[in-house]
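Structural description and commentary
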Amino acid sequence: MSIVTVQLGQCGNQIGYEVFNAICNDFHSTHGLCSKKENESYQDACKERFFSEEKTGVPVARAVLVDMEPKVISQTLSMAARSGHWKYDHQSHFCQKQGSGNNWANGYSVHGPRYRDVIMNLVQKEAEKCDRLSGFFTVMSMAGGTGSGMGAFVTQCLRDAFPTSFILNQVIWPYGTGEVIVQNYNSVLTLSHLYQSSDALLVHENDAIHKICAQLMNIKKISFRDVNQVIAHQLGSVFQPTYSSEGASQYSRSPLGDLMESLVPHPEFKMLGLRNIPQMSENSLAYSTFTWPGLIKHLRQMLIANAKMEEGIDWQVRPPLPGHPVPPKASPNKALHFNTSIANLVVLRGKDVQSVDLGGFRDPALYTSWLNPQEAFTIWKTPRAFNKYEKSASLVSNSQFLLKLMDNIVGKAWNMFASK
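A brief report on the enclosed structure follows. (Residues numbered from 1 in each chain as written. Predicted model: local features only at pLDDT ≥ 70, side-chain atom pairs only at ≥ 80, totals over all residues. Heavy atoms only, no water.)

**Looking at the pairing of strand S11 (residues 377–382)**
- Of all the six residues making up S11, six are buried; the element is thus mostly covered by neighbouring parts of the structure.
- Neither face of S11 is open: one carries Phe377, Ile379 and Lys381, the other Thr378, Trp380 and Thr382, and all of them are buried. (Buried < 20%, exposed > 50% of the residue type's maximum accessible area, 1.4 Å probe, protein only. Helix = DSSP H or I, 4+ residues; strand = E, 2+ residues; numbered from the N terminus.)

**Details of the environment of Cys46**
- Tracing the sequence through the fold places Cys46 in helix H2 (residues 36–50).
- C-alpha separation for the pair Cys46 and Tyr251, spaced 205 residues apart in sequence, amounts to 9.5 Å.
- In this view, Cys46 contacts Ile23, Phe27, Phe51, Gln240 and Pro241; residues no more than four positions away in its chain are not counted. (Contact = heavy atoms within 4.5 Å.)

**A look at helix H11 (residues 292–304)**
- Helix length check: H11, at 13 residues, gives a terminal C-alpha distance of 18 Å against a target of 18 Å (1.5 Å per residue), a fit within 8%.
- Among the residues of H11, Trp292, Leu295, Ile296, Leu299, Gln301, Met302, Leu303 and Ile304 are the ones counted as buried.
- Among the structural elements, strand S9 (271–277), strand S10 (341–350) and strand S12 (391–399) are those in contact with the buried residues of H11.
- Where H11 ends, the next residue or the one after it, Asn306, has phi of about 55°, a positive value. (Expected span 1.5 Å × (residues − 1).)

**What about the nonpolar core?**
- Core analysis: the biggest nonpolar cluster contains 121 residues, and Tyr88, Phe239 and Phe361 have the highest contact counts within it.
- Dropping the residues within four chain positions of it, Tyr88 is found in contact with Gln7, Gly16, Tyr17, Phe20, Val60, Ala61, Ala63, Leu65, Thr76, Leu77 and Ala80.
- With five residues, the next largest nonpolar core counts Tyr42, Ala45, Tyr251 and Phe386 among its residues. (Core = buried A, V, L, I, M, F, W, Y, C linked by side-chain atoms within 4.5 Å.)

**Things to note about the packing of helix H1 (residues 9–28) against H2**
- For the pair H1 and H2, the least separation of the axes is 10 Å and the interaxial angle reads 160°. When the interaxial angle is binned, H1 and H2 end up roughly antiparallel. In this structure, the crossing between H1 and H2 has a hand that is left-handed. Contacts between H1 and H2 involve Phe20, Ile23, Asp26 and Phe27 from the former and Tyr42, Gln43, Cys46, Lys47 and Phe50 from the latter. (Axes fitted to C-alpha atoms, helices over the stretch in contact; angles between N-to-C directions. Parallel < 35°, antiparallel > 145°, perpendicular 65-115°, else oblique. Left-handed = near helix turned anticlockwise from the far one by under 90°.)

**Some words on unusual backbone geometry**
- Here Ile277 and Pro278 are connected by a cis peptide whose omega angle stands at -10°.
- Within the secondary structure, Pro278 is located in the loop between S9 and helix H10 (282–285).
- Phi at Asp352 takes a positive value of approximately 60°, unusual for a residue other than glycine.
- Residue position: Asp352 is located in the loop between S10 and helix H12 (373–376).
- Backbone geometry at Asn387 places phi at a positive 50°, although glycine is not the residue there.

**A short note on the sheet that holds S9**
- With respect to topology, 10 strands assemble into an open sheet ordered S5-S4-S1-S6-S7-S8-S9-S12-S10-S11, the strand pairing being mixed. Strand pairing shows two members of the sheet lacking a second neighbour, strand S5 (93–95) and S11, which therefore form its edges. With direction set aside, neighbouring strand axes in the sheet form an average angle of 20°.
- Relative to S12, S10 runs antiparallel, the two being bridged by nine bridges. Looking at the pairing, Arg349 lines up with Ser392 of S12. (Pairing = 2+ DSSP bridges.)

**Things to note about the packing of H1 against helix H8 (residues 224–239)**
- Taken N-terminus to C-terminus, the directions of H1 and H8 make an angle of 50°; their axes are 8 Å apart at the nearest point. As summarised for this structure, H1 and H8 are arranged oblique, according to the angle between their axes. The hand of the H1/H8 crossing is right-handed. Contact residues: H1 offers Gln14, Ile15, Tyr17, Glu18, Val19 and Ala22, while H8 offers Arg225, Asn228, Gln229, Ile231, Ala232 and Leu235.
- Looking at the contact of H1 with H8, its residues break down into seven nonpolar, three polar and two charged. (Nonpolar A, V, L, I, M, F, W, Y, C, P; charged D, E, K, R; others polar.)

**Considering empty space enclosed by the protein**
- Enumeration according to the criterion identifies one cavity of 30 Å³ or more in this entry.
- Here the largest cavity defines a volume of roughly 100 Å³.
- Looking at the largest cavity, it is lined by 13 residues, and the ones nearest its centre are His204, Glu205, Ala208, Leu274 and Arg275.
- Of all the secondary structure elements, the ones that give two or more residues to the lining of the largest cavity are strand S8 (200–205), helix H7 (206–216) and S9.
- Across the lining of the largest cavity, the residue classes break down as seven nonpolar, three polar and three charged. (1 Å grid on protein atoms, 1.4 Å probe; cavity = no way out; pocket = protein on both sides within 12 Å on 5 of 7 lines; lining within 4 Å. Points joined across faces, edges and corners; volume = space filled by probe spheres on them.)

This is the structure:
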């Protein structure tokens, strides 16, 4: 089944481009560990999911690009066409000459209603190209005006026009130091509206990704493109084809449906966090080896200690023992920092995936008491490596990952409001 991506605003269009580029580079590469039939099956599943194909044989991204300024869309279309491996449909974009000026209401209440019919016609045309539509993947920032305000409006329109299709919003959480003065207002307004329309929100924090670029990728002068490429790698590591059940002979056909089934058991809890290991520069990768027990041990501790990356994990954090509730706030006990989960999905890619022991993720102590741990944990696997990593693991978690961030941004928005 196919996914239509809707790229909204400057941030959404730049990240969307990197996602399609990463996916295309991955399926164009072949892996010696897999048979020719396995590689072909993987490539076919990937193309059906993210691309349609012209008579020229060049894959065309299943995407609609929206921005209120033409510059970024023009650059994005041009870069994709120059790659020679894939491109956007030049008729599947919409832009104007005037931006939203970081004004959420301008995007949501002015530009959204004014251009709704044009944008939804583009979406409808893209959806009609799909033999089977899995749903929509929107990419947007929470800080600006077009991405956040218009993104919230377009998501609402998608829900009204496609009530039975899945909608996954990928949102970029702004830097804590501040990108724009009204980012806290914009973020609260965006989240409150998306929560009404979306099936799930997959959140990336700019601060965490910036840290990965600096400490793991060893990038000295970090650009927005560096940050976007890390986000694209993480998204590709989840959304590229996998086997979603033991012994399956076909790649999963409904990626968004499978994701929602695994991670969103309750409509009030739909904010997802994503972690991926290993991540490092190409120079370091050439001299590194990885074992599954080591990767899984790190990934589990990243989950329970709420670590953003494998470097600097607090190994003292432990799940509370059965029958021992989390101590009161006055206690210095490390169980205070334990990250409780509702549901978790682990995606394994590469050599020897069938032999990996994931029993640690089935520990009932990791999960809330109102859900059976056996139903709260899901595994997706494929023996095909991803993006030059012989072995890699990703974790998508519906947990307390984002609780502190939410408290901070709501608190700041309230303080600004109270101070007039």
